[in-house]
Amino acid sequence: MKRFKNCFYIVAIVSVLLVNIPLNATTIVVPNDQPTIQAGIDAAADRDTVLVKSGTYKGDGNVNIDFKGKEITVKSENGAALTIIDCEGHPDTRGFTFQNEETATAELDGFTIMNGNHSLGGGIYCNNASPTIKNCVIDQNIAVKNGDFTRYGGGVYGFNSEMKVMGCIISNNSSESYGSGVFFRGEVDYSVRKSYYQPTLTDCVISENSGTGLYCISQVSTTIKDSEILKNKGRGIVCTFFSLSGTHVVNCLISESMGGGIECAEHSVLYVSDSYITQNTAEYGGGIYSSPTAISHVSDCVIAANTAFKTGGGIEVQSSFGRASVKHCTITQNSADGSGGGVNAFLGGTLFKMTDSIVWGNSSKLTPHPEFYVSGPSATVRRCNIRGGIDGIDRGPDGDQHIFEDIIDVDPQFADANNGDFRLRRRSKAAGMGVQALTEDALSVSSVGKKVIIWGALKRK
């Protein structure tokens, strides 16, 4: 009898659990089962899939598409190239909206979203929602002013969002304000004790947008990983205005942006590692610009062939209250019209450290110290190979505020600098400096095995 009761209780508990689990998730095919994508979503329940056949989708029900808080997958049958959401440039029209606390289980997979026209998020809009966006092309969308509304995020806009963007191309978008490609902003939510939000972009291409490729402001901690930020007309990446939890750039190529590679400003924090920053141009800080109140940490990066029309061809640090560190970096072939072809550190009360790095073959027009120009009360440089040695820095050490130790001046013996191969030859006396593991017989830039990108390959992109 006791055994019977136990079995009864087990069956009862399992039955209750099964009530809340959809055992037969449904696939709704558009346009076969429902005429529009929105109709497919409206008919779906959690865990269902809305499968969209190839074609170009326009008009009511196929634009301004709202997931309505559902944990569903909306997926194209044959990928983004064959499945297009065309907003036709109509005002107040975008591709997709997430505004009902959607989580990562709300997935959008495999669409081209184009010709959106909205004040916030011309292609995709997320407000207090964190969906997963996969394998999409977000192209030729705009964020324009509409009445009193601001205009941010030509391609993607995220507010208080921890969206995951994976394998997407975000290109040719524009904004009348910030974030032509992607715009992320956070706001402290004391009710849930959440002080910042963590959106991520992985294996994405952000290219040829009319302004900044990716703009992060306020309480967000964005991670950009395994991605390419290319040919944007503003900075490739900007983190600013109290992005204190840090923007993380990992294993990325940041190249050919007309407003510079990366900028950290206004009490924000930046971490850059295992990345190539090349061929960017800016007024200050062609490769990386760190403002007077920023905290920037750069490690295991190649910073090459960037240009500043004023100062800091490779890196510009203008700091009064922040700090900056550079370690295991190779800084070469950068140029500036003013001081600091390689590194320009204009310092107030800040702390600047550079260790285990190579600064070689940079140029500047208005100073006899083209590699490393430092102006201010404090700087520490240790175990670095700088062309000209200590004399290559514009001021000598004082053993107190300006500490320069174990500085060498030897040809680093790059494998093929003319073609952008900055691996070190086996017998280089600069071994242990610059990007770790970047030697002639190595196939990786970092311990995680990122392939070496050589200059010829960059030129062909």
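Residues numbered from 1 in each chain as written. Predicted model: local features only at pLDDT ≥ 70, side-chain atom pairs only at ≥ 80, totals over all residues. Heavy atoms only, no water.

Student: Run through the sheet that holds strand E18 (residues 174-175), naming residues and quoting values.
Tutor: Spatially, E10-E14-E18 is the arrangement adopted by the three strands of the open sheet, whose pairing is parallel. Each having just a single partner strand, strand E10 (117-118) and E18 make up the two edges of the open sheet. In this structure, strand E14 (residues 142-143) lies alongside E18, joined through two bridges in parallel fashion. The residue of E18 that forms the bridge with Ile 142 is Ser 174. (Pairing = 2+ DSSP bridges. Helix = DSSP H or I, 4+ residues; strand = E, 2+ residues; numbered from the N terminus.)

Student: Describe the state of the cysteines, naming the residues involved and giving the relevant values.
Tutor: Using the criterion set out here, one finds zero disulfides in the structure. Cys 329 takes part in no disulfide bond, and the closest cysteine sulfur to it belongs to Cys 301, at a distance of 4.9 Å. Using a relative accessible area of 0% as the deciding quantity, one classes Cys 329 as buried. (Disulfide = S-S within 2.5 Å. Buried < 20%, exposed > 50% of the residue type's maximum accessible area, 1.4 Å probe, protein only.)

Student: So what's going on with the packing of aromatic side chains? Residues and values would help.
Tutor: Going through the model one piece at a time under the given rule, you end up with eleven aromatic pairs. An aromatic cluster is present here, built from Tyr 125, Tyr 152, Tyr 157, Tyr 178, Phe 183 and Tyr 215 joined pairwise through their rings. (Phe/Tyr/Trp six-rings, centres within 6.5 Å; stacked < 30°, edge-to-face > 60°.)

Student: Break down the layout of surface pockets for me, with residues and values.
Tutor: Considered as a void within the structure, the largest pocket measures approximately 170 Å³ in volume. Asn 128, Ser 130, Asn 160, Lys 194 and Tyr 197 are the residues nearest the centre of the largest pocket, which is lined by eleven residues in total. (1 Å grid on protein atoms, 1.4 Å probe; cavity = no way out; pocket = protein on both sides within 12 Å on 5 of 7 lines; lining within 4 Å. Points joined across faces, edges and corners; volume = space filled by probe spheres on them.)

Student: Help me get a handle on the environment of Arg 423, residues and values and all.
Tutor: Mapped onto the fold, Arg 423 is located in strand E49 (residues 421-424). Arg 423 sits in the buried class, given a relative accessible area of 17%. Put simply, Arg 423 and Val 435 are twelve residues apart on the chain and 8.4 Å apart in space, counted from C-alpha to C-alpha. One polar contact links Arg 423 to Asp 421, side chain to side chain, over a distance of 2.6 Å. (Polar contact = N/O pair within 3.5 Å; in protein donor to acceptor, adjacent residues only side chain to side chain.)

Student: Describe the pairing of strand E15 (residues 156-159), listing the residues and the values that go with them.
Tutor: Both faces of E15 are covered, namely the face carrying Val 156 and Gly 158 and the face carrying Tyr 157 and Phe 159. With four bridges connecting them, strand E11 (residues 124-127) and E15 associate as parallel partners. Pairing of Ile 124 across the sheet is with Val 156, part of E15. Taken together, the four bridges between E15 and strand E19 (residues 182-186) define a ladder with parallel strand orientation.

Student: Tell me about the nonpolar core, and name the residues and values.
Tutor: Counting residues in each nonpolar core, the largest one holds 78 residues, and the members touching the most others are Ile 37, Val 74, Leu 108, Ile 124, Leu 201, Met 354 and Phe 372. Core analysis: the second largest hydrophobic core is formed by 13 residues, Leu 230, Leu 253, Trp 360 and Met 433 among them. (Core = buried A, V, L, I, M, F, W, Y, C linked by side-chain atoms within 4.5 Å.)

Student: Now, about the confidence of the model for the chain: what can you tell me, with residues and values included?
Tutor: Looking at the chain, pLDDT values average 87 and 84% of them are 70 or higher. Below a pLDDT of 50 lies the segment residues 1-5, which in the model reaches zero contacts outside its immediate sequence neighbourhood of four places, other chains included. Note that pLDDT drops below 50 for residues 443-461; the model gives that stretch 48 contacts with residues more than four away or on any other chain. (pLDDT = per-residue confidence, 0-100. Contact = heavy atoms within 4.5 Å.)

Student: Help me get a handle on the pairing of strand E36 (residues 315-319), residues and values and all.
Tutor: With respect to burial, E36 is a largely interior element, five of its five residues being buried. Of the two faces of E36, the one lined by Ile 315, Val 317 and Ser 319 and the one lined by Glu 316 and Gln 318 are each fully buried. Alignment of strand E32 (residues 288-290) against E36, held across three bridges, turns out to be parallel. Among the inter-strand pairings, Ile 288 is bridged to a residue of E36, identified as Ile 315.

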